[in-house]
Amino acid sequence: MNKKIIAGALTILTVASTGIVASSTSASTITKGTLTVGLEGTYAPFSYRKDGKLTGYEVDVATDVAKKLKLKPKFVQTKWDSLIAGLGSNRYDVVFNNVGITKERKEHYLFSTPYLYSKTVLIEKSDDNMTSLKDIKGKSFAQSTTSNYGKLAKDNGAKIVAVPGMVEAMSLIESGRADGELNDKGAFAMWQKENPDAKVKAVDLSAKEAPAVPAAPLLNKKNVKLQKQINKALKELKADGTLKKLSEEYFNADLTKK
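Residues numbered from 1 in each chain as written. Predicted model: local features only at pLDDT ≥ 70, side-chain atom pairs only at ≥ 80, totals over all residues. Heavy atoms only, no water.

Check the secondary structure of the protein and you find ten helices and 14 strands. Across the 258 residues that make up the protein, the buried fraction comes to 45%. Pairs at least 24 residues apart make up 69% of the contacts formed inside the protein by residues separated by at least 6 positions. On the protein, roughly 13700 Å² of surface is accessible, and the fraction owed to carbon and sulfur atoms is 54%. (Helix = DSSP H or I, 4+ residues; strand = E, 2+ residues; numbered from the N terminus. Buried < 20%, exposed > 50% of the residue type's maximum accessible area, 1.4 Å probe, protein only. Contact = heavy atoms within 4.5 Å. Areas by Shrake-Rupley, 256 points an atom, 1.4 Å probe, with all protein chains shown as cover.)

Printed below as a string of structure tokens:
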């Protein structure tokens with residue numbers, strides 16, 4: 001046998017035995033054996049802390065996805081306005097944070113399979129009478145400027161008061177420093193449950209003006225391999241009823257379908 005062929009074969013065997021060549025089925029993650037997930041951690045019931053422990057619908061979904069990929073989940077909390085940008089700087093592999101699928105985001109990032117369909121509500125003080133998007137023109141709305149809700153409010157003529165998240169927005173509405181906010185129906189229900197004496201209400205806009213928006217894991221544009229693996233994992237979790245069960249646990253409704 002040719003000596004060059006023998007040397008080449010020995011090199012391949014050595015590399016394979018030492019684990020230098022990654023398995024074709026292994027996930028493409030920034031840390032071997034770990035799925036690093038970016039999220040807010042202050043956005044109940046999606047991700048939040050209860051008795052000091054990180055929990056929530058998306059925490060559980062991401063954890064189950066990681067198990068399917070045979071990876072250990074690691075969560076990195078970041079404020080919304082810098083959350084998506086963290087993908088570009090390799091702070092995490094994927095974002096699970098009720099990120100709505102939009103044309104603009106698809107130009108720069110990859111979306112995996114949707115796992116939730118969010119419903120939009122208009123939040124205001126109890127004695128106010130805004131009932132539709134046409135009523136918010138000229139009103140001050142406390143919004144995260146890079147969120148779907150912030151864009152929707154701006155597109156309908158609201159004056160945007162920039163806030164990092166829902167907690168700050170609700171504080172501005174309660175104190176009268178903002179007229180309202182557009183946000184997720186489930187998130188408001190959770191907030192209201194924890195603040196039962198707050199004089200605020202929510203008007204559901206999802207029936208006509210703001211149809212349910214699909215939310216999905218968001219990945220770096222170059223991470224096609226991991227996208228496909230997450231797609232497969234979510235498909236299995238939907239098929240075995242896990243996604244529906246978690247949705248009913250955290251939202252008291254099945255929001256995994258339109």
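Further remarks concern the packing of aromatic side chains. A complete count under the given rule lists six aromatic pairs for this structure. Residues Tyr43 and Phe46 carry aromatic rings whose centres are separated by 4.8 Å and whose planes lie at 20 degrees to one another, so their mutual orientation is stacked. The pair formed by Tyr43 and Phe46 is uniform in burial state, with each residue classed as buried. Their ring planes at 70 degrees and their centres at 5.4 Å tell us that Tyr57 and Phe251 sit as a pair that is edge-to-face. Of this pair, Tyr57 sits in helix 2 (residues 57-68) while Phe251 is found in helix 10 (residues 242-251), placing the two residues 194 residues apart along the sequence. There is no split in this pair, since Tyr57 and Phe251 are both buried. Ring-pair connections join several aromatic residues into one group, and the members of that group are Tyr43, Phe46, Tyr57, Phe96, Tyr115 and Phe251. (Phe/Tyr/Trp six-rings, centres within 6.5 Å; stacked < 30°, edge-to-face > 60°.)

Here we come to the packing of helix 2 against helix 9 (residues 224-239). Contact geometry for helix 2 and helix 9: axes closest at 9 Å, N-to-C directions at 110 degrees. Taken as axis vectors, helix 2 and helix 9 run roughly perpendicular relative to one another. Here the hand of the crossing between helix 2 and helix 9 comes out right-handed. Between helix 2, through Val61, Asp64, Val65 and Lys68, and helix 9, the contact on the second element is made entirely by Ile230, Ala233, Leu234, Glu236 and Leu237. Across the contact of helix 2 with helix 9, the residue classes break down as six nonpolar, no polar and three charged. (Axes fitted to C-alpha atoms, helices over the stretch in contact; angles between N-to-C directions. Parallel < 35°, antiparallel > 145°, perpendicular 65-115°, else oblique. Left-handed = near helix turned anticlockwise from the far one by under 90°. Nonpolar A, V, L, I, M, F, W, Y, C, P; charged D, E, K, R; others polar.)

This part takes up helix 8 (residues 185-194). Considered for burial, the residues of helix 8 that qualify are Gly186, Ala187, Phe188, Met190 and Trp191. Looking at the packing, one finds that the buried side of helix 8 touches strand 2 (48-50), strand 8 (120-125), helix 7 (166-175), strand 11 (180-184), strand 12 (200-204) and helix 10. For helix 8, the side-chain oxygen to backbone nitrogen distance between the N-cap and Gly186 is 2.8 Å, and the N-cap itself is Asp184. (Polar contact = N/O pair within 3.5 Å; in protein donor to acceptor, adjacent residues only side chain to side chain.)

So, about the sheet that holds strand 14 (residues 218-220). One open sheet holds the five strands; their spatial order is 4-1-5-14-6, and the pairing between them is mixed. Each having just a single partner strand, strand 4 (72-77) and strand 6 (109-111) make up the two edges of the open sheet. As paired strands, strand 1 (residues 34-39) and strand 4 are joined by six bridges and run parallel to one another. Looking at strand 4, one finds that Leu39 is bridged to Gln77. (Pairing = 2+ DSSP bridges.)

The buried count for strand 1 comes to six of six residues, which makes it a mostly enclosed element. As paired elements, strand 1 and strand 5 (residues 94-95) share two bridges and run parallel to each other. Considered in strand 5, the bridge of Val37 is made with Val94.

Another point: the environment of Leu243. Within the fold, Leu243 resides in helix 10. The buried category is assigned to Leu243, whose relative accessible area is 3%. Considering only alpha carbons, one finds Leu243 and Tyr57, 186 residues apart in sequence, at a separation of 9.1 Å. The residues touching Leu243, leaving out its near neighbours within four places in the chain, are Tyr57, Val61, Tyr115, Leu234, Leu237, Lys238 and Thr256.

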